[in-house]
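# Fold and contact review
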Amino acid sequence: MSRPPLPLTDRERLIFALDVPGRREAVAWIDRLGEAVSFYKIGMELLASGEYFDVLDELAKRDKRIFVDLKFFDIPATIGGVIGRLSQWPVSYCTVHGWHAPMLQAAVEANRSEMRLLAVTVLTSMGREDLRAMGIDREPVDVVVERALAAQAAGIDGVIASGQEAGPIRRATGAGFSIVCPGIRPGGPVGDDQQRTVGVADAFRDGADAIVVGRPIRNAADPVVAAEAIQAEIASLKL
């Protein structure tokens, strides 16, 4: 059975995507953003540096929440092993691909911590044509909702999915199922590789618990100002 969503303060509802090549760059961003960001997502680019857990430790020392976004996908025994080991670390969210019920169930059974498991549904860089090329001739929203329901049935705590699907997911799964939305574009689409994007207020209005923002903060003229503007918008929603 899925566990209740993480208790989050308003400022923890903004998750910054720490997509950097190594520890030095990661620490520079953590220093730069300071109190503007309380929750960080660390993913595959950082993993390849060999300094992934150094950064995880640094975030933990600074009392930041941590989202391990490595999108695990393997046979159930392997998934159970990695989730069991990862649950020894101070991690709040972790992603597992939501394509195989036994794999999801193994992840749930191996999780011995307060870490919430999020199923990856359909990547926000993918559209209808991408799915068709994979042999899935359906609208992304239909595939996302189907996978969210399957993940919920397997005991997974929530999903990471485009804000465009937050409303349909919430209606299908009900209250208490976590929804984290990446690909947020506060100023609207910017022509990058994220196809299914929404704004901050739209994501929360439709049922998101938290949002992931990367480039709109990282590429801003003043990243701290950009992060604080998002924080102010979240606070104004009175969630």
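Thresholds applied
Residues numbered from 1 in each chain as written. Predicted model: local features only at pLDDT ≥ 70, side-chain atom pairs only at ≥ 80, totals over all residues. Heavy atoms only, no water. Phe/Tyr/Trp six-rings, centres within 6.5 Å; stacked < 30°, edge-to-face > 60°. Helix = DSSP H or I, 4+ residues; strand = E, 2+ residues; numbered from the N terminus. Buried < 20%, exposed > 50% of the residue type's maximum accessible area, 1.4 Å probe, protein only. Arc of directions from axis to C-beta. Salt bridge = Lys/Arg side-chain N within 4 Å of Asp/Glu carboxyl O. Axes fitted to C-alpha atoms, helices over the stretch in contact; angles between N-to-C directions. Parallel < 35°, antiparallel > 145°, perpendicular 65-115°, else oblique. Left-handed = near helix turned anticlockwise from the far one by under 90°. Contact = heavy atoms within 4.5 Å. pLDDT = per-residue confidence, 0-100. Nonpolar A, V, L, I, M, F, W, Y, C, P; charged D, E, K, R; others polar.

If you walk through the whole model with that rule in mind, you get seven aromatic pairs. For the pair Phe16 and Trp29, a centre-to-centre distance of 5.6 Å together with 45° between the ring planes defines the contact as tilted. With Phe16 in strand E1 (residues 14-17) and Trp29 in helix H1 (residues 23-33), the pair connects residues that are 13 residues apart, well separated along the chain. On the accessibility criterion, Phe16 (0% relative accessible area) is buried. Overall, the relative accessible area of 14% leaves Trp29 in the buried class. Ring centres of Phe73 and Trp99 lie 6.1 Å apart, and the angle between their planes is 55°; on these two criteria the pair is classed as tilted. Pair noted here: Phe73 is in the loop between strand E3 (65-72) and helix H4 (76-86) and Trp99 is in the loop between strand E4 (93-97) and helix H5 (101-110), with a separation of 26 residues, a long-range link. According to the relative accessible area criterion, Phe73 is partly exposed, its value standing at 48%. Looking at Trp99, the relative accessible area reads 40%, which means it is partly exposed.

Now for H1. Along H1, the positions that sit buried rather than exposed are Ala26, Val27, Trp29, Ile30 and Leu33. Buried residues of H1 fall within an arc of 160° about the axis and therefore sit on the same side. At the C-terminal side of H1, Gly34 shows a positive phi close to 50°.

A few words on the pattern of salt bridges. A full pass over the atoms with the stated rule returns 19 salt bridges. Measuring nitrogen to oxygen at the nearest pair gives 2.8 Å for the salt bridge that ties Arg62 to Glu58. Two residues, Asp206 and Arg205, come together in a salt bridge whose shortest N-O distance is 3.2 Å. Residues participating in the shared-partner salt-bridge network are Arg23, Asp31, Glu58, Lys61 and Arg62.

One way to put it is that H1 packs onto helix H3 (residues 52-61) with a least axis distance of 9 Å and a crossing angle of 20°. Judged by the inter-axis angle, H1 sits roughly parallel to H3. Between H1 and H3 lies a crossing of right-handed hand. Residues Arg23, Ala26, Val27 and Ile30 of H1 pack against Asp54, Val55, Glu58 and Leu59 of H3.

Residues of the protein chain with pLDDT of at least 70 account for 95%, and the chain-wide mean is 92. In this model residues 188-195 is a low-confidence stretch, pLDDT under 50, and it forms 17 contacts with partners more than four residues away in sequence or in other chains.

Looking now at the environment of Ala203. Within the fold, Ala203 resides in helix H9 (residues 200-205). Sequence-wise, Ala203 and Gln164 are 39 residues apart; in three dimensions their C-alpha atoms are separated by 7.5 Å. Contacts of Ala203, omitting those with residues within four sequence positions, involve Ala166, Cys181, Ile184, Val198, Ala208 and Ile211.

Turning to H5, a few remarks are in order. Every α-helix winds through 3.6 residues per turn, so residues three or four apart in the chain are directed the same way. Among the residues of H5, those classed as buried are Met103, Leu104, Ala106, Ala107 and Ala110. In an axial view of H5, the angular spread of the buried residues amounts to 160°, which keeps them on one side of the axis. Check the buried side of H5 and you find it contacts E3, H4, E4, strand E5 (116-120) and helix H7 (140-154).

For the rest of this paragraph, the subject is the packing of H7 against helix H8 (residues 166-173). In the contact formed by H7 and H8, the axes pass within 9 Å of each other and the chain directions differ by 35°. Here H7 and H8 pass one another in a crossing that is right-handed. Facing Val141, Val144, Val145, Ala148, Leu149 and Gln152 of H7, the residues of H8 in contact are Pro168, Ile169, Ala172 and Thr173. Partitioned by chemical class, the residues of the contact of H7 with H8 number eight nonpolar, two polar and no charged.

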